[in-house]
Amino acid sequence: MNGLPQPSGDPDAPPSRRIRLVLNGGEADELIEDRMLLVHALRDRFGLTGTHVGCNNGDCGACTVEIDGRIAKSCLVMAAAADGCSITTIEGLADPDGSLSPLQEAFWDQDAVQCGFCLPGHLFVARDLLDRERDPSEEQIRTALTGNICRCTGYTNIVEAIRVAAERARG
Ligand code: FES
Ligand code: FES
């Protein structure tokens, strides 16, 4: 039945289906409406409200998650299209023992968060950059962040946090 439309018995109900995900390392499945965006399914069906909704059209990056190892803006992905994927949200970003990851610690130490709305997206983008670049320049960091908006405009500390995280990772 995975992925197939599920009859609800209500003739007025929108088409829906059950999707299965590997979500933050564990198996999960939920009934979603076919028209649902992944960001709304994550928040409203799977209860993972750490993924934020800002613009809903791909501009702000607040909804960034990792899908099958690649970062993606979950407001640009239909939930039905994610069926069978492995997804990491901000809830899955801490170390397995629940403590902050080194990247999160660097953001904490550098005060790289104000209201926190943009934080999940910035952490995913930073992690993606640091996976590719051990010693990113300021320009590379700022370029990586261009798809993620901080409405508190805390960019200086965010850039510094990523630089510090890279420095600590290099030892
Ligand atoms: S809510 Fe997805 S990019 Fe803004
Ligand atoms: S810390 Fe408020 S939006 Fe970035």
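Peer 1: For the layout of surface pockets, give the residues involved together with the corresponding values.
Peer 2: Size it by volume and the largest pocket reaches roughly 220 Å³. The wall of the largest pocket is formed by 13 residues, among which Pro 102, Leu 103, Arg 127, Leu 130 and Ala 169 lie closest to the centre. Sorting the residues of the lining of the largest pocket by element identifies helix H2 (102-109), helix H3 (119-132) and helix H5 (155-170) as the ones contributing at least two each. Here the lining of the largest pocket takes four residues from H5, the largest share from any one element. Each residue belonging to the lining of the largest pocket can be placed in one class, and the counts come to seven nonpolar, one polar and five charged.

Peer 1: Hey, could you go over the side chain of Ser 74 for me, with residue numbers and the actual values?
Peer 2: Here Ser 74 shows up in the loop between strand E4 (70-73) and strand E5 (86-88). Sequence-distant contacts of Ser 74, that is, excluding residues within four places in its chain, are made with Leu 37, Leu 38, Val 39, Leu 42, Thr 51, Cys 63 and Val 65.

Peer 1: I'd love a proper account of unusual backbone geometry, names of residues and values included.
Peer 2: A positive phi is found at Asn 24, a non-glycine position, where the angle reads about 50°. Inspection of the secondary structure puts Asn 24 in the loop between strand E1 (16-23) and strand E2 (26-33). The phi torsion at Thr 153 lies on the positive side, around 55°, for a residue other than glycine. You can see Thr 153 is positioned in the loop between helix H4 (138-144) and H5.

Peer 1: Describe in detail the nonpolar core, supporting the description with residues and values.
Peer 2: Formed by 21 residues in total, the largest nonpolar core has its most connected members in Leu 103, Phe 107, Leu 123, Ile 141, Leu 145, Ile 158 and Ile 162. Looking at this core, the elements with two or more residues in it are H2, H3 and H5. Apart from the residues within four sequence positions on either side, Ile 141 is in contact with Leu 129, Pro 136, Val 159, Ile 162 and Arg 163. With 19 residues, the next largest nonpolar core counts Leu 21, Ile 32, Leu 38 and Ile 67 among its residues.

Peer 1: Give a detailed account of H2, specifying residues and quantitative values.
Peer 2: Regarding H2, the residues found buried are Leu 103, Gln 104, Ala 106 and Phe 107. All buried residues of H2 project into a common sector of 155° when viewed along the axis, lining one side. With respect to the buried face of H2, the exposed residues turned more than 90 degrees away are Pro 102 and Trp 108. In this structure, the buried residues of H2 make contact with H3 and H5. Of the residues trailing H2, Asp 111 is marked for its positive phi of about 55°.

Peer 1: Please give an account of helix H1 (residues 38-45) that cites residues and values.
Peer 2: All buried positions along H1 are accounted for by Leu 38, Val 39, Ala 41 and Leu 42. Trailing H1 by a residue or two, Gly 47 shows a phi angle of about 75°, which is positive.

Peer 1: Any chance you could break down the packing of H2 against H3 for me, citing the residues and the numbers?
Peer 2: Relative to each other, H2 and H3 sit at 125°, their axes nearing to 10 Å. The angle between H2 and H3 falls in the class oblique. In this structure, the crossing between H2 and H3 has a hand that is right-handed. Here Leu 103, Gln 104 and Phe 107 of H2 lie close against H3, whose contacting residues are Leu 119, His 122, Leu 123, Ala 126, Arg 127 and Leu 130. Of the residues that constitute the contact of H2 with H3, the class distribution is six nonpolar, two polar and one charged.

What counts and how
- Residues numbered from 1 in each chain as written.
- Chains lettered and ligands numbered in written order.
- Predicted model: local features only at pLDDT ≥ 70, side-chain atom pairs only at ≥ 80, totals over all residues.
- Heavy atoms only, no water.
- 1 Å grid on protein atoms, 1.4 Å probe; cavity = no way out; pocket = protein on both sides within 12 Å on 5 of 7 lines; lining within 4 Å.
- Points joined across faces, edges and corners; volume = space filled by probe spheres on them.
- Helix = DSSP H or I, 4+ residues; strand = E, 2+ residues; numbered from the N terminus.
- Nonpolar A, V, L, I, M, F, W, Y, C, P; charged D, E, K, R; others polar.
- Contact = heavy atoms within 4.5 Å.
- Core = buried A, V, L, I, M, F, W, Y, C linked by side-chain atoms within 4.5 Å.
- Buried < 20%, exposed > 50% of the residue type's maximum accessible area, 1.4 Å probe, protein only.
- Arc of directions from axis to C-beta.
- Axes fitted to C-alpha atoms, helices over the stretch in contact; angles between N-to-C directions.
- Parallel < 35°, antiparallel > 145°, perpendicular 65-115°, else oblique.
- Left-handed = near helix turned anticlockwise from the far one by under 90°.

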